Amino acid sequence: MKEQLKIDFDKVIKNLKPSKKDIELRKKNLNQFIENGFPNKRIEDWKFSDLNQIISSNIKELKFFNNETKPNKFDKSIFISNFDHNKIIFVNGLISKIDFNYEEKSKIEIIDTHEAEGFNSKNSLVSLNNAFKFHYIKLTIKENYSLNKPLIIYNVTNNKLKSNTINQRVDFILKKNSSIKLINLFDDNSTNNFININYQFKIEKDAILKNYIVDHKLNSNIRYFFNNINLEHNSIAETFIFSVGSKFIKNEINCNLNDQYSSAFINGIINLTDDQHHEIKTNINHLAENTKSYQLIKSVLNDSSKGVYQGKIFVNSKAQKT
């Protein structure tokens with residue numbers, strides 16, 4: 001795997017032609033991933049979901065470079081009808097369309113690039129994402145603005161993609177007293193791929209995030225979806241997870257309540273059949289006084305399926321009245 005990583009990394013650099021600074025950052029993350037590899041059950045957070053074993057058992061000769069380097073056409077029937085919404089469409093991990101026609105353009109800022117600041121983490125999958133991501137979107141909702149319509153991020157894969165890795169990252173900055181309703185919808189027509197998605201949220205004072213993660217369509221892909229959420233004074237993050245479709249998926253949420261009166265709410269449903277294996281992992285960190293969190297996860301498991309929920313709540317000594 002080490003040689004394949006280096007070969008595919010060179011292909012990414014050749015296609016993107018990034019800056020010297022970005023190349024160095026990517027190399028650093030590549031070396032971190034090579035050192036640690038895919039998580040296995042010896043790691044506490046992965047003791048119920050040995051990703052290294054799951055990938056080796058289901059994907060032969062996994063590639064880390066996506067040959068589909070141009071956005072593909074997609075079937076517009078994937079769009080939710082009779083429901084006005086903004087759109088960001090990824091096809092095989094690459095941006096195909098960005099549409100915010102319902103919004104005041106001066107109130108939002110969208111940066112579409114392949115260069116991004118690194119996110120330091122001991123998580124090897126974050127390192128993999130930082131090394132190989134093709135597209136990076138940074139979406140800023142400006143102060144005192146609430147999106148008029150929800151934003152749906154369509155994550156589409158087609159049958160051209162097989163035994164490949166997708167690495168995708170989106171950053172969200174909600175300025176003071178702003179809000180967004182975000183729906184992440186997965187529509188997979190590909191087989192036996194590893195899909196690695198990293199979302200970073202910065203939610204400033206009095207801002208509100210409502211985040212819905214919908215994995216509804218049966219498919220044979222292996223997916224990891226990491227959400228890192230930072231909350232400031234009196235801000236709110238609500239997350240709902242509907243986990244049904246993929247053969248394997250791990251939704252991981254790390255939420256930092258950094259200032260007073262911030263709140264985090266997480267609700268989820270896992271509904272599985274056959275030999276599906278889904279996990280929800282949450283870390284809630286209360287780091288200031290008067291913060292609040294609530295979590296409720298329910299599972300329905302049929303046949304030989306496996307559902308996992310791991311939750312950890314940390315309360316700092318100064319986080320009184322939690």
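Our structure's up above, just so we're on the same page.
Read on for a plain summary of the structure.

A closer look at the overall build of the protein chain
Consideration 1: Summing up its helical and strand segments, the protein chain has four helices and 16 strands in all.
Consideration 2: Counting over 322 residues, the protein chain shows a buried share of 54%.
Consideration 3: In the structure as shown, the protein chain presents an accessible area of about 14,700 Å², 47% of it carried by carbon and sulfur atoms.
Consideration 4: One way to put it: in the protein chain the 47 positive side-chain charges average out to a point 2 Å from where the 36 negative ones average out.

What about the environment of Tyr154?
Consideration 1: Locating Tyr154 in the fold gives a position in strand S5 (residues 151–157).
Consideration 2: By relative accessible area, Tyr154 is classed as buried at 1%.
Consideration 3: C-alpha separation for the pair Tyr154 and Ile78, spaced 76 residues apart in sequence, amounts to 8.3 Å.
Consideration 4: Non-local contacts of Tyr154, meaning those with residues more than four positions away in its chain, are made with Ile78, Phe79, Ile80, His85, Lys87, Ile88, Ile89, Phe90 and Leu185.
Consideration 5: Here Ile80 takes part through its backbone nitrogen, which lies 3.0 Å from a polar atom of the side chain of Tyr154.

Regarding helix H2 (residues 20–36)
Consideration 1: Between the first and last C-alpha of H2 there are 25 Å, a value that for 17 residues agrees with the 24 Å anticipated at 1.5 Å per step.
Consideration 2: Within the span of H2, buried status applies to Asp22, Ile23, Arg26, Asn29, Leu30 and Phe33. Buried residues in H2, looked at end-on, bunch into an arc of 130 degrees, giving them a common side. For H2, the exposed residues set more than 90 degrees away from the buried face come down to Lys20, Lys21 and Glu35.
Consideration 3: Buried residues along H2 sit in contact with helix H1 (2–16) and helix H4 (124–132).
Consideration 4: Following H2 by one or two positions, Gly37 adopts a phi angle in the positive range, close to 70 degrees.

Topic: the packing of aromatic side chains
Consideration 1: The final tally for this structure, using the stated rule, is 15 aromatic pairs.
Consideration 2: Seen in terms of ring centroids, Tyr199 and Phe201 are 6.1 Å apart; in terms of plane orientation they differ by 75 degrees. Their pairing is edge-to-face. There is no split in this pair, since Tyr199 and Phe201 are both buried.
Consideration 3: The residue whose ring lies beneath Lys87 is Phe79, and the NZ or CZ to ring-centre distance is 5.2 Å.
Consideration 4: Stacked on the ring of Phe186, the Lys or Arg Arg223 has its end atom at 4.2 Å from the ring centre.

Conventions used here
Residues numbered from 1 in each chain as written. Predicted model: local features only at pLDDT ≥ 70, side-chain atom pairs only at ≥ 80, totals over all residues. Heavy atoms only, no water. Helix = DSSP H or I, 4+ residues; strand = E, 2+ residues; numbered from the N terminus. Buried < 20%, exposed > 50% of the residue type's maximum accessible area, 1.4 Å probe, protein only. Areas by Shrake-Rupley, 256 points an atom, 1.4 Å probe, with all protein chains shown as cover. Lys, Arg positive; Asp, Glu negative; His and termini not counted. Charge placed at Lys NZ, Arg CZ, Asp CG, Glu CD. Contact = heavy atoms within 4.5 Å. Polar contact = N/O pair within 3.5 Å; in protein donor to acceptor, adjacent residues only side chain to side chain. Expected span 1.5 Å × (residues − 1). Arc of directions from axis to C-beta. Phe/Tyr/Trp six-rings, centres within 6.5 Å; stacked < 30°, edge-to-face > 60°. Lys NZ or Arg CZ within 6 Å of the ring centre and 35° of its normal.

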